[in-house]
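# Inside the fold
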Amino acid sequence: MEKSIEALLKEGRTFKPSASFRKDAWVRDEKPYRDAAKNRLKYWESWAKQLHWTQKWSKVLDWRPPFAKWFVGGKLNASFNCVDRHVEGGRRNKAALIWEGEPGDERTLTYADLQRAVCRFANGLKALGVQKGDRVTLYMPMIPELAVAMLACARIGAIHSVVFGGFSAEALRERINDSQSKIVVTADGSYRRGQIVPLKKNTDEALVGVSSVEKVVVFRRTGQAVDMGGPRDVWWDDVVKDQPCVCEPEPMDSEDMLYLLYTSGSTGKPKGVKHTTGGTLVGCFATTKWIFDLKDEDVYWCTADIGWVTGHSYIVYGPLANGATVLMYEGAPDWPDKDRFWTLIEKYRVSIFYTAPTAIRAFMKWGEAWPRKHDLSSLRLLGSVGEPINPEAWTWYRQVIGGGRCPVVDTWWQTETGHIMISPLPGVTTLKPGSATRPFPGIEAEVVDEQGKPAQSGYLVIKSPWPGMLRGIYGDDERYEQVYWSKYPGWYLTGDGCKRDKNGYFWLLGRVDDVLKVSGHRLSTMEIESALVDHKAVAEAAVIGKHHEIKENAVVAFVSLRHGYAGDDRLSKELREHVVKKIGSLARPDDVIFTVELPKTRSGKIMRRLLRDIAEGRTLGDTTTLADAAVVRSLKEKYEGQEA
Ligand code: PRX
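Criteria and thresholds
Residues numbered from 1 in each chain as written. Predicted model: local features only at pLDDT ≥ 70, side-chain atom pairs only at ≥ 80, totals over all residues. Heavy atoms only, no water. Patch = residues over 30% accessible without salt bridge, like charges linked within 9 Å, V, L, I, M, F, W, Y side chains within 5 Å. Areas by Shrake-Rupley, 256 points an atom, 1.4 Å probe, with all protein chains shown as cover. Salt bridge = Lys/Arg side-chain N within 4 Å of Asp/Glu carboxyl O. Lys, Arg positive; Asp, Glu negative; His and termini not counted. Charge placed at Lys NZ, Arg CZ, Asp CG, Glu CD. Helix = DSSP H or I, 4+ residues; strand = E, 2+ residues; numbered from the N terminus. Buried < 20%, exposed > 50% of the residue type's maximum accessible area, 1.4 Å probe, protein only. Polar contact = N/O pair within 3.5 Å; in protein donor to acceptor, adjacent residues only side chain to side chain. Contact = heavy atoms within 4.5 Å. Pairing = 2+ DSSP bridges. Expected span 1.5 Å × (residues − 1). Near = heavy atom within 4 Å. Nonpolar A, V, L, I, M, F, W, Y, C, P; charged D, E, K, R; others polar.

### Let's talk about a positive patch on the surface
- Side chains of Arg34, Lys38, Lys42, Lys49 and Lys56 sit close together on the surface and give a patch of like positive charge.
- Structurally, Lys42 can be placed in helix α4 (residues 40–48).

### Some remarks on the side chain of Arg155
- With respect to the element layout, Arg155 can be found in helix α7 (residues 144–156).
- Judged by its relative accessible area of 2%, Arg155 falls in the buried class.
- There is a polar contact of 2.8 Å between the side chain of Arg155 and the side chain of Asp84.
- Ignoring anything within four residues of it in the chain, the contact list for Arg155 reads Asn77, Ser79, Phe80, Asp84, Val118, Cys119, Ala122, Cys247, Glu248, Pro249 and Glu250.

### Concerning the pairing of strand β28 (residues 538–548)
- Pairing analysis gives ten bridges linking β28 to strand β29 (residues 552–561), with the strands arranged antiparallel. Opposite Ala542, over in β29, you have Phe558 as the bridge partner.

### Notes on helix α6 (residues 111–127)
- In a regular helix each residue adds 1.5 Å, so 17 residues correspond to 24 Å; α6 covers 24 Å between its end C-alpha atoms and thus fits that length.
- Residues of α6 that are buried: Tyr111, Ala112, Leu114, Gln115, Val118, Cys119, Phe121, Ala122, Asn123, Gly124 and Leu125.
- Looking one or two residues beyond α6, the residue adopting positive phi is Gly129, at roughly 100 degrees.

### Focus: the site of the ligand
- What surrounds the ligand is a group of 17 residues, the closest being Asp410, Thr411, Thr415, Asp496 and Arg522.
- The contact in question runs from a nitrogen atom of the ligand to an N or O atom on the backbone of Pro388, over 3.4 Å.
- Coverage of the ligand by the protein chains reaches 96% of its 540 Å² of free accessible surface.
- For the shell around the ligand, the secondary structure elements donating two or more residues are α12 (309–321), β21 (408–411) and β25 (506–511).
- When its residues are assigned to classes, the shell around the ligand shows six nonpolar, five polar and six charged.

### Thoughts on the environment of Tyr492
- Looking at the secondary structure, you find Tyr492 in strand β24 (residues 492–500).
- Residues Tyr492 and Val218, 274 residues apart in the sequence, show an inter-C-alpha distance of 40 Å.
- Beyond its immediate sequence surroundings of up to four residues, Tyr492 is in contact with Gln414, Glu416, Thr417, Leu460, Val461, Ile462, Trp466, Leu470, Tyr484 and Trp485.
- In terms of polar contacts, Tyr492 uses its side chain to reach the side chain of Gln414, at 2.7 Å.

### A short note on the pattern of salt bridges
- A full pass over the atoms with the stated rule returns 50 salt bridges.
- Among the ionic pairs, Lys200 bridges to Asp204, the shortest N-O distance being 2.8 Å. Linking Lys200 with Asp204, this pair stays in helix α9 (residues 199–206), spanning four residues, or about one helical turn.
- On the basis of relative accessibility, which here comes to 1%, the residue Lys200 falls in the buried class.
- Through salt bridges with shared partners, a single network forms among Glu100, Glu106, Arg340 and Lys347.

Below, the structure written as structure tokens:
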């Protein structure tokens, strides 16, 4: 096996769609690319027409850079399109969500079940005083009620802000405060590797000093004792108890906000990315259907957590807008054993599987024996998202998980883009391991140099608006313009580096800014630095990502201390836990390096490039602009000493 993978890489092999896959694929030829290039707006409009609108738009796009409006004047409801449309259209008793909890409990909700659950919770939210435009924070486990709560918000025009359950109380507080949420929906706890994450307790801590929140709705998941004594606390069951199963969907303007999702940028403060109703739904609907070649018979599984954008677009809105059967799993891939995912695929006959390179690399490390124990023959398509996938992992995924017969779609996109932007279409595109291949029809991507000229290697930009694009940063239009639109006015700056090959294929190279990907999670170096300097012992901190075999990046923190503190193991541990408290365990530094001073330029800028060189053991690059070269030399010696 090892040998054959090496051979494949050396050959630089390409994979054409098989005749059998192509035969039944939604897209079999280049026509959509041609149609979209000829008339992009007409092309997107044809997608919009496939959804249910209560009022048609008068104009497809209104573009006043950097502000776009799509399907202007149109009215629709996302929850109606994801649920009722299918109940009325013949999928009433089709499974919408098949769910398995980490302890092994199972539930299936048909589209009719989902409709009842959504309507009852929507009515419950209304009874709690939630109105159109209000923000509702969801801090929940991966259980059907999370999808139900999102769709219930969408049904009544409330804006959901999902906060990943792995974030700490303080990170949750920051997001609640920024969005000024009226309601928090949570659970007593969630299961993770057999342990309970105390979501309600975290919520209580988060709400200290928060005034906007009127009610905390608690779903009983784990059943452990929780404090429900607060004046705002209500059980989910009591909220829905007497509510009717019917709730008229609110007709929403295409440009009304559907959700807010916080993500990390290159400053210490997370950004509330705004997404609107019409554009999100159209973009997610289209990309899910064509990229995953989604059919009615499929069992579709995206392993992301709904706390991230992938779960929003490709567990909830995209697949449900298509009337799909979606598998949802609550827990960890290695619980109780390292074949949990393969057990699930075999058991539910999953046909489409979408996961992240970091997971694939972990599966590789765990060994082929785990997947080999299971019948994975139901799979017909594999997807990857979140980071660049190395050709070795891609090839392993295709061979070992996909049995050599499934196309692998490497999909590039971001929280900001709302839906996939660069990806193969599996019935058409010749695949190259490690490349996201080409832009989706209707997406105009380009790689440019500093001056904005097309280049073989440079910055990835998007040159024209697309339906699911972010509409701004909540409460901060200035930051929106500055971060994404100021380098090349009129073009969207992705923050990713990219190469094109001789066939024009896109090869993503990772971030070029201070955003880090750690196990597929997006973190800002500045956010971790702020968490560190919040500790009384810390004078200054610089955080960088160091290449990691599985996680893509390991977090390395260089820290200088205030007078009177000693950089010992105890403090190192304390600082790492301080970051966990401020952000969550996902941001815990792998290494903390104490230093008397950080290497800076003469103008006082921290030279991260040098820190990266030190952490990755490279010969140091250009140090001529450095204020004090001795700092770097001593750091390098120290780091090497520590590594040894
Ligand atoms: O660097 C790119 C990387 O993930 C970033 C976006 O992260 P986030 O907003 O958390 O969304 C992740 C899920 C869509 C991008 O700027 N990224 C995402 N997908 C890929 C990728 N890098 C390379 N290849 C991909 N397929």
